[in-house]
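Examining the three-dimensional arrangement
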Amino acid sequence: MMWLPNVILISSLAHCVFASPYRDDLVAYNLNINVNATTPLEYTSSWSGGAYHASPTNWRALPVYTVLLDKFADGDPSNNDFFGTMFESDYRETQLRYGGDLKGLVARLDYLQGMGVRVIFVAGTPFLNMIWQADSYSPLDFTVLDPHLGTISEWRDAISQIHARGMYIMLDFTVGTMSDLIGFEGYLKTGTPFDINEHTALWKYPDNMPWNFTEYRDFSIINERNASCVFPTFWNANGTVVSSDTFSAAHGCLESDFDHYGDMDAFGEHPDWQRQLAKFSSVQDRLRDWKPSVMAKLTHFSCMAIKALDFDAIRVDKAIQVTVDSLASWSSSTRRCAYDLGKTNFMITGEVVGGDAYGSLYYGRGRTATLRPSDISAAANVTAADNNFLRGRDLGALDAVTFHYSIYRSLLRFLGIDGALAAGYDIDTDFSTAWQQMFVHNDFLNANTGFLDPRHMFGTSNYDLFRWPSLQDGTRKSVLATFITSLVLPGMSLLSYGEEQNMYIYDNSAANYLYGRQAMSGTEAWKRHGCYTMGSSAYYNMPFDKAVLGCQDDWNALDHFDPTADSRRLFRRFHELRAAYGALQDGFSLSKLGNWTYYVQLPHSPVETEIGLRSVSRAGMSGVQTLSGTYNNEVWLLYSNEDMVRTYSFDCTSDQGIFSPYISDTVIRNLLAPYETLSLSASLLSSNNGTGAPPVGCLPNITMEQYGFKAFVPVAQWTPPIPALTRFVPGHDHRIQASPSDENSTTVDISLEFDATMNCDSVTQSISFNMSSSGVSGYPAITNVRCGAISNLEASSIPGGSMSAWAWSATLRDFPDGVLTVNIDNPLIMGGNTTTGVVDHLLLRKGSTDNVMVFPRNDYDTSGSFKVSAGQYSFDHKAFGAEKFRYSGNFGRNWTDWKAWEETTTMDGKLFTSPDNFWDGNHVMVQYWSEATLSVAHVIHADTEYYGAPRRVPQFLVRGPFNSWGYDKGVKSLMTQNSDGLWELEISAAWPTYVQLNVWSFDHYYYGDSDGDGVLDRLPPNSIAPNFLNISAPPSPYLAWSLLVDDSTMTWTLEPRGRSHVGAVMYALLSSLPLITGSLAVVVFQWSFYGIRHNQYGAAVKSHNLFPTFGALGGRLVTSFKGIRANRSEEPCPHHQDDIEALSLFADNGVRRKVLIATLEYEILDWNVKVRIGGLGVMSSLMGTSLPDVDLIWVVPKVGDIHYPAGEPAEPIEVIIFGEPYLIDVETHTVDNIIYVIIDSPLFRAQTKASPYPARMDDLSSAIFYSTWNQAIAATIRRSPTIDIYHINDYHGAIAGIYLLPKVIPVCLSLHNAEFQGLWPLRTKAEIKEVCSVFNISKEHCMKYVQFGNTFNLLHAAASFISIHQKSVGVAGVSDKYGKRSLARYPALWILKNVDSLPNPDPDDIAPMNERPRSTSDVKIDQVAEDGRPELKRQAQEWAGLEQHPDSDLLVFVGRWSKQKGVDLVADAMPSMQVSIPPPYTQNILMCLLLAWKKTAKFSSSWSAL
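To keep things clear, this report deals only with the structure shown in the data block. (Residues numbered from 1 in each chain as written. Predicted model: local features only at pLDDT ≥ 70, side-chain atom pairs only at ≥ 80, totals over all residues. Heavy atoms only, no water.)

1. Brief notes about the overall build of the chain
Put simply, the rule is: Each helix is a run of DSSP H or I of at least 4 residues and each strand a run of E of at least 2, with the numbering of both proceeding from the N terminus. For each residue, the accessible area found with a 1.4 Å probe, counting protein chains only, is set against the maximum for its type, and the residue is called buried under 20%, exposed over 50%, and partly exposed in between. Contacts are residue-level and defined by heavy atoms, with any inter-residue pair within 4.5 Å sufficient. All accessibility values rest on the Shrake-Rupley procedure with a 1.4 Å probe; residue burial counts only the protein chains present in the view.
The secondary structure content of the chain amounts to 30 helices and 64 strands. Residues classed as buried in the chain amount to 57% of the 1506 residues present. Long-range contacts, defined as pairs at least 24 residues apart, comprise 73% of the intrachain contacts of the chain with a sequence gap of at least 6. Carbon and sulfur atoms provide 52% of the accessible area of the chain, an area that totals close to 60100 Å².

What follows is the structure in structure tokens.
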């Protein structure tokens, strides 16, 4: 990026930056301590901890464990809802914050260290996020820490304790993205299309922002353009430079600190350079990292954080979405800062999700295909002085990738996942081939030392991916994958939290984004939501197994820091082997020794999957490495992805033998259980590179478990496993029910099992207890100790898993109610000095059924613990095991501060007597926490002075289309508790439908069922995931559902309503009543609508309201007719001087009003342009010619078969169709009081002057037509803010007003042809999404205004708009009867209270009658014309296809009649005529309706003569 001289620009922008964000109330969280800083570059941080912790010399020696801090352990419950809102944390939900924090992490360091973890990667930034943002990837600031995780002091303490254990910590940074505070003009409620010339940005000022961080304090929006700026270098996925022609349409760029180029979906195919410029997934604002002043701040902030907190490494989130040169600059500066602090091997890794060709640009100093060394040997000897790099020596970007997605995609294929899994320009799916390609393609030189130092981190899953144990045979696949990432591939071992416990619950709310983020400490929430139903759109035929039944597995509610978990013990063994064998930890050589495989074509995979046995060896690279470790020789690794146990047998004298890296007769032993010993046979291959004996050793056969693996070394180099605790009986976090009256209620038998023979006394002495019993009693005593070998060995459930061999058993006496932590600290093996090397912790809970610390599901008190006496409120606690508690008197809307345990609490009475407490009686919630459980998921509800069913919520309010989302107060929305204690509401709606459940009011605190599992979900307020209870039609013969909610489990069900015998009776009634009522209705209808009333209005009518709807809108619009003759046979009205006097539309003639009309039919007199001037068009023309007191804006489209004179060019109008913008050309033309707004688009040009309307009203093309038309009308109204009223004619422009919301434009609706309504189907979710997207309106507006039944109804939209915003005032039919008939006939209008009438006169009708009419005696008959009548009648009959009968009558209707729509009058007259004229002539009546303004007709002369 060539920005104008950097120093000048930074100085010029200084005034745009907010002053220092230093605030006294943020001292505990703000890294900046400089009170007087005037720019971010003056911020400073402090450190009082002495010398900084040094970097490790070898990162590969340090296994990495990923922690999602919020989901780990809750060490400080007081920060869970730090800001005191209901949107931060909810112990029953999985989509908000759980409560994990730094104190919880410190409390579980023994657990991590005990499995060999040496680096803790804290995923998610440490910085301030939105209050509900549990993943922490949307920072609001880069210097203020998130209080939900901990204070600066707590960060320093946690990192210090981690360092004290010989461990290190890596933090997560977002260099390119921040939170979601910025929107783009015109797109604040929708996705913003990508535009190379950028959009105008605005602050969105969202609600519930922490500390009022509604704008970024250190970065600015600047909508001024810098025409001289130049884009940075962008790269294609294949590692080539994006052509500069790509940006030829760009007019420089904006000066902003943020990119304004629009939004980009998280998923989907988009060029990488666009991802680097667009807002991520519409929810993360993108910094302009290529702007020098922005980069200066970013590097300053990262250095401040290292100085303040002393962490050891950084992982960059979405690293390849930062431009590569910018990231290299940031990394170089950050490394230099760390180096100056004594961290001489500070590591910077990043997230790279693309293929290897693109990732290679970011690793180290970068490589393209043309810069690669010739082979692996050449790559091993590259030095920093060589020219195999894109960038200079100090410009290394990433030292490594944090999670290698290319290898992960290969693991998916290897383990049988079906789908299109590959990325473009990636490495091979064979692991050994892939490693050799990486070694050549990637720059592995250490940026700090200059030495070859591969540090890619290989893992099997992370918090953004699915959980392997959720699948069929998933745990076996998980450990096989971990064997490959830990032992097969050279690099660093990476685990993700919960993998070692085989966790399998999912959290995702969309099928295309499958991930599990279950909390580690005990909670019912993930069990409650644990039955997965959404499937996967990312993978085909995903073999879900345990995941679909997770809600039935009590294990999911337990604490998951179980040291005995089989996978955890195996992963610990992997880490032991890396430390003991230099080849496994540091060897760069990965050699393929053989594959015994076959290929399977999965149905939806583009390539075949290779199945079978693989053989590889790991070793140091000769001439390049000197390995460390106890043993430095080769390690032989075998692994199979066969879904069965299989024995492979081959002849060692053939070329298919299972050849080893060792010589024949070598005795080898498996480093993994069952630790078998084998002897190698001789093969025909010679060792020593083929130079002679001894021959290569070979296995004639080997049996591999299902998804099995083995690691062999010569028996002399075999290292026994470190002894480990393998099982605890009765089980980690087991719950024991015991009442004080029970016999032996304080006695519990326990057993500890190990995989080696232990010293019995040492085990006993190693055990200690932490008893959380709420101060009631002391510690249990160990009695009756028994030790010995286990006779019946139980096989491990996973390959390589060790088995129990020896057990220690005892009886615990005087075990009080509460939570017991059993600590086992380094017990010795029998006859040696070897210990387990770890401190293990086990949980055991005991108590009565009403103790929620033990049985949290029993969360309603029925024993009268909550009391009120003489206005004094108290609560007797039974949650023994708790150490802290707090309570709420308003169902969790507000809470007291946390306080230490006490047996009885006297409560603040004001909490229960508040006028806001609208419920019956008094309700209290008490929440508990203990250091043993590190969870707040222990809550008891209780009531007093209340006699209803148990309740956990004060009420449920139901909203949905059935009650206009709560706006229709006439439809019941309040649920009530039935006799079973379930909340119930009967719902009758147009099926299918969907609803949401609110608690307090119709607000953002609501429940839906986003994943369709039958359990209510509460999502963050800014979630874009649909969250509804979807309800289909009830089964026949039922008509409605009862919605039932169990607030103890937050599950919902439906019960159909209606009885079969009632249905039978109703069927009989409904079968007969329609005949009776229908006949009566016909009689009434004929009497009321078809009766002809002559001279209904008389001759004395002096005034009539031409546009009665106008007059009703605010009293501003009044109409007056002067000189109207109601019936020309009556006496004339007083004579007026003009033939047609102006219709005075407004009472106040001193004020001109402005009216907008929009019609597809129109007439531009001075251009001699007419487009199908029918009744609708003539009425619009009359408004222009007959209302000179009104300024008329008339929106019309150009059609294809008219040549238009040039109008005055105007700014184009942008419309959005399917989320994509399109420009519509605009011209204006002024004639007297009319301004024609003429819009031009190929869409309208496709029509003709004779047919300006689309042929259909229910297909996609017509939807696009009317969407464009309505959006163009709305845009015109926006450009003319002084418009007083918008006159809608029929359905064509009916939704224009909806685009203007929340601003409401007064409208009136004239009904010409109400039978045409503009209908498109909305039968399915897909159709709803498609039609709403075509019309560019939100689903909410669609349901509120437009949807009528299962159709998108434009006419209904206008009626709804007028009903809601104008109290049904403003609708008229174009005749006296037509309005009434339309309201009676068309249900789409029934939302209106009434429809008025519109006289709809012809100009001739309102001219004064000639008071001296021509005398009938003066009329002379044209005999010639009379003689021609029979022939003309015959021609008319022939033209109409009628029988040519000379005596038949022809009714010819010419012109328009005032007071009533002409066709109405004809329809009224015809029944009587048909009755009065006898057959056979009735069938020969021909009605000829000739419009007065129609210039040509085939038989015009005939009609005139007739």
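Moving on, there is more to tell.
2. As for the pairing of strand E54 (residues 1220-1231)
Counted only if it meets this: One requirement defines pairing of two strands: DSSP has to find at least two bridges between them.
Here strand E53 (residues 1208-1217) runs beside E54; their pairing, made up of 8 bridges, is antiparallel. Bridging from a neighbouring strand, Glu1214 pairs with Leu1223 of E54. Counting the residues in the hairpin turn of E53 and E54 gives 2 residues, including Phe1218, whose phi is positive at 55 degrees. When E54 meets strand E55 (residues 1234-1240), the two strands line up antiparallel, connected through 7 bridges.

3. Thoughts on the packing of aromatic side chains
As a reminder, the rule being used: Any pair of Phe, Tyr and Trp rings, taking the six-membered ring for Trp, is counted once the centres come within 6.5 Å. Such a pair is stacked with planes under 30 degrees apart, edge-to-face with planes over 60 apart, and tilted for the rest.
In the structure shown here, the tally under the stated rule is 86 aromatic pairs. Ring centres of Phe754 and Trp806 lie 6.0 Å apart, and the angle between their planes is 50 degrees; on these two criteria the pair is classed as tilted. Placement of the pair is Phe754 in strand E28 (residues 748-754) and Trp806 in strand E31 (residues 806-813), with a sequence separation of 52 residues. The two residues Phe754 and Trp806 agree in class, both being buried. By the ring-pair criterion, three or more aromatic residues cluster together here, those being Tyr43, Phe127, Phe142, Phe173, Trp203, Tyr216, Phe219, Phe258, Phe301, Phe311 and Phe346.

4. Examining the pattern of salt bridges
Under the convention used in this document: The rule for a salt bridge is simple: a side-chain nitrogen of Lys or Arg has to be within 4 Å of a carboxyl oxygen of Asp or Glu.
Counting across every chain of the model gives 59 salt bridges. Notably, a salt bridge pairs Arg288 with Glu198, separated by 2.7 Å at the nearest N-O pair. Separated by 90 residues along the polypeptide, Arg288 in the loop between strand E9 (279-280) and helix H6 (292-309) and Glu198 in the loop between strand E4 (182-184) and strand E5 (201-203) bring together distant segments of the chain. Summarising the burial analysis for this pair, Arg288 and Glu198 share the class buried. One salt-bridge network, in which partners are shared between bridges, spans Arg60, Arg335, Asp399, Asp453, Arg455 and Asp586.

5. Observations concerning the nonpolar core
For the record, the criterion: Among buried residues, the Ala, Val, Leu, Ile, Met, Phe, Trp, Tyr and Cys ones that are joined through side-chain atoms within 4.5 Å form a nonpolar core.
Ranked by internal contacts, the top residues of the largest apolar core, which has 227 residues, are Tyr65, Phe311, Phe466, Phe483, Phe956 and Leu997. Ranked by the residues each element gives to this core, the list is headed by H6, at 10 residues. Beyond its immediate stretch of four places on either side in the chain, Phe466 contacts Tyr408, Leu412, Ile417, Ser461, Leu471, Tyr506, Leu514, Tyr515, Tyr539 and Met542. In terms of nonpolar packing, the next biggest core, distinct from the first, is built from 70 residues, Leu1156, Val1195, Phe1244 and Ala1275 among them.

6. So, the sheet that holds strand E48 (residues 1051-1057)
Read from one edge to the other, the open sheet built from 4 strands follows the order E42-E43-E47-E48, with strand pairing classed as antiparallel. The open sheet has two edge strands with one neighbour each: strand E42 (976-977) and E48. Note that strand E47 (residues 1040-1046) and E48 share 7 bridges and pair antiparallel. Note on E48: the bridge partner recorded for Ala1040 is Arg1057.

7. Thoughts on the state of the cysteines
Note the threshold: Here, a disulfide means two cysteine sulfur atoms that sit within 2.5 Å of each other.
Considering all chains together, one arrives at 5 disulfides under this definition. Disulfide partner of Cys303: Cys337, at an S-S distance of 1.9 Å. Handedness of the Cys303-Cys337 disulfide follows from its S-S torsion of about 80 degrees: it is right-handed. With a gap of 34 residues between them, Cys303 in helix H6 and Cys337 in helix H7 (residues 324-340) connect regions that are remote in the sequence. With respect to burial, Cys303 and Cys337 carry one shared label: buried.

So, to be careful, I would describe these as geometric facts and stop short of saying anything about function.
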